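Each chain, written out:
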Amino acid sequence: MNTNRSMRWLIFGILMFSLSAASFAQITVGVSVRFGPPAIPIYAQTVCPGPGYFWTPGYWAWSDYDDDYYWVPGTWVLAPIGMLWTPGYWGWDDDNGYYLWRAGYWGPHVGFYGGIDYGFGYTGVGFWGGEWRGDSFFYNRSVTNINVVNVTNVYNRTVIVNNTSRVSYNGGSGGINARPTWEEQRYVRESHRAALGDQVQHERAARQNRQLFASENHGRPAIAATGRPGEFSGRNVVAARQAGAPYHAPQISPQQARVSTAGKRILENNRSTIRAADRQQPNRDVVRNTSRQQAPQQRVDLGRQQQQARAEQRHQQQARAEQGQQQQLRAEQRQQQQLRAEQRQQQPRAEQRQQQAARQAQNRPQQVQRAAPAPRQQAQRQPQPEPKRGSREGRGPGN
């Protein structure tokens, strides 16, 4: 009896350690599915809300709760100054036979995103929708939807797109056959920043909307793009014109579609070990220790609930921290905008002062020229001298 009890506690300890390792592995590796997502839908880009906003294209995400892909609409996000967004992508893992999601990130350069043509400057290689010039972002009007009334930092540069495929994943059956270039491999080693809090909340909000799931919209979401993160209604919402390719429902069940992560596989193996240990016990112990046999499973469920609660707490803390950083970023951008506005207001005043000084300088010679003829006019107005009469009066009668 004591041996069996010690054995169970040993198995339980190994199981809890394995769950902790599994949770870390799940965060590191990411989501994995056995079939690829639908094609990128065809949709229009919403108008840029104002200076400093950066376009993050829409993508297909996976929900373990619903066992289905759902569309995360493209949207405009206030970008960290000097940083560009590298979109995430689904890539085929030859060793394990599933599609793995590789999350996007912010960095000084746009890295490898699977060769996926997300559109609007993301042609599959690099980004051509705009560029940073100092602290200001300039937009390429040839591939982005810009209102020049709200945004004046614009330029025009033709972008040639050689990739016309709407496939949304790299590798595997029918996927994009692209590999990172030498420069893109170098960009991976640069300092990166994860998705902002607004982006995380935007994805969560999309997951709560049933009409964005592929099984509901068949690759043509009703909300394909938004003006700002989480803005799923109003005039700044755009629906997809059509699906990027004919939609084909998966041929496998949702349970088969999901790939067991490292933690899930360890959990299943440990559960099998517990059940095998139970089968090896004598029948009298099985009847007498029914409640004890259920205890490990209850502890496992309790441990999973606690881990889920801790994971959710970490996500909330991370979201609050990112939200604080986002607010600080917005405050800095507002200060910069106010400074630029003050500089614009001061510039016309300086120009006016210069113009006034120039006019005064031009008027001074004219005043001198107008004042010069005054003595001549006064001289003309002086009375004429009377003629001398001495010559006539001095003559005598005999002269």
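The structure displayed is predicted, hence computed values, not measured ones. (Residues numbered from 1 in each chain as written. Predicted model: local features only at pLDDT ≥ 70, side-chain atom pairs only at ≥ 80, totals over all residues. Heavy atoms only, no water.)

(A) View of the overall build of the chain. Within the chain, the regular secondary structure consists of 10 helices and 15 strands. In the chain, which comprises 399 residues, the share counted as buried stands at 36%. A sequence separation of at least 24 residues applies to 68% of the contacts in the chain between residues at least 6 apart. For the chain, the accessible area works out to roughly 24600 Å², and carbon and sulfur atoms hold 48% of it. (Helix = DSSP H or I, 4+ residues; strand = E, 2+ residues; numbered from the N terminus. Buried < 20%, exposed > 50% of the residue type's maximum accessible area, 1.4 Å probe, protein only. Contact = heavy atoms within 4.5 Å. Areas by Shrake-Rupley, 256 points an atom, 1.4 Å probe, with all protein chains shown as cover.)

(B) Representation of the nonpolar core within the structure. In terms of nonpolar packing, the biggest core is built from 51 residues, with Phe54, Trp90, Tyr118, Tyr122 and Tyr139 touching the most fellow members. For this core, the elements supplying multiple residues, two or more each, are strand E2 (53-56), strand E3 (59-63), strand E4 (68-72), strand E5 (75-78), strand E6 (84-86), strand E7 (89-93), strand E8 (98-102) and strand E11 (136-140). (Core = buried A, V, L, I, M, F, W, Y, C linked by side-chain atoms within 4.5 Å.)

(C) Representation of the pairing of E4 in the model. In terms of burial, E4 is largely enclosed, as five of its five residues are buried. Alternating positions in E4 separate into two faces, Asp68, Tyr70 and Val72 on one and Tyr69 and Trp71 on the other, with burial throughout. Linking E3 back to E4 in an antiparallel pair, the connection comprises four residues, with Asp67 at a positive phi of about 55°. (Pairing = 2+ DSSP bridges.)

(D) Expanded view of the confidence of the model for the chain. Per-residue confidence for the chain gives a mean pLDDT of 77; residues scoring 70 or more make up 64%. Note on residues 261-295: pLDDT is under 50 here. Beyond four places in sequence and across chains, it has 40 contacts. Low confidence marks residues 390-399, where pLDDT is under 50. Its contacts with residues over four positions away, or in another chain, come to zero contacts. (pLDDT = per-residue confidence, 0-100.)

(E) Expanded view of the side chain of Thr123. Counting through the fold element by element, Thr123 comes out in the loop between strand E9 (105-107) and strand E10 (130-133). Side-chain polar atoms of Thr123 contact the side chain of Trp128, separated by 3.5 Å. Residues contacting Thr123, with those up to four places away along its chain left out, are Tyr113, Ile116, Asp117, Trp128, Val159, Val161 and Asn163. (Polar contact = N/O pair within 3.5 Å; in protein donor to acceptor, adjacent residues only side chain to side chain.)

(F) Structural context of the sheet that holds E10. Read from one edge of the open sheet, three strands run E10-E11-E12, paired in mixed fashion. Of all strands in the sheet, those bounded by a partner on one side alone are E10 and strand E12 (154-155). Inspection of the sheet shows E10 paired to E11 by four bridges, in the antiparallel sense. In the strand pairing of E11, Arg133 is matched with Ser136.

(G) Main features of the packing of aromatic side chains. Under the counting rule described, the total for this entry stands at 25 aromatic pairs. A ring pair is formed by Trp55 and Trp76, whose centres lie 5.4 Å apart and whose planes are at 65°; its orientation type is edge-to-face. Within this pair, whereas Trp55 is found in strand E2, its partner Trp76 is found in strand E5, the two being separated by 21 residues in sequence. There is no split in this pair, since Trp55 and Trp76 are both buried. Judged by centre distance (5.0 Å) and plane angle (70°), the rings of Tyr99 and Tyr169 are edge-to-face. Taken together, the residues Tyr99 in strand E8 and Tyr169 in strand E13 (residues 169-170) connect sequence positions 70 residues apart. Given a relative accessible area of 4%, Tyr99 falls into the buried group. Since its relative accessible area comes to 13%, Tyr169 is described here as buried. The cationic tip of Arg210 hangs over the ring face of Phe213; the distance from NZ or CZ to the ring centre is 4.3 Å. (Phe/Tyr/Trp six-rings, centres within 6.5 Å; stacked < 30°, edge-to-face > 60°. Lys NZ or Arg CZ within 6 Å of the ring centre and 35° of its normal.)

(H) Molecular detail of the sheet that holds strand E1 (residues 32-33). Pairing within the open sheet is mixed, and its four strands lie in the order E1-E8-E7-E13. The open sheet is flanked by E1 and E13, the only strands paired with a single partner. Relative to E13, E7 is paired through two bridges, and the arrangement is parallel. Bridged to Gly91 within E13 is Asn170.

(I) Broad picture of unusual backbone geometry. Despite not being glycine, Phe120 has its phi angle at roughly 60°, a positive value. Tracing the sequence through the fold places Phe120 in the loop between E9 and E10. A positive phi angle is found at His218, which is not glycine, with a value near 55°. The residue His218 is located in the loop between helix H4 (214-217) and strand E14 (225-226) in this model. You can call His218 partly exposed: its relative accessible area is 45%.

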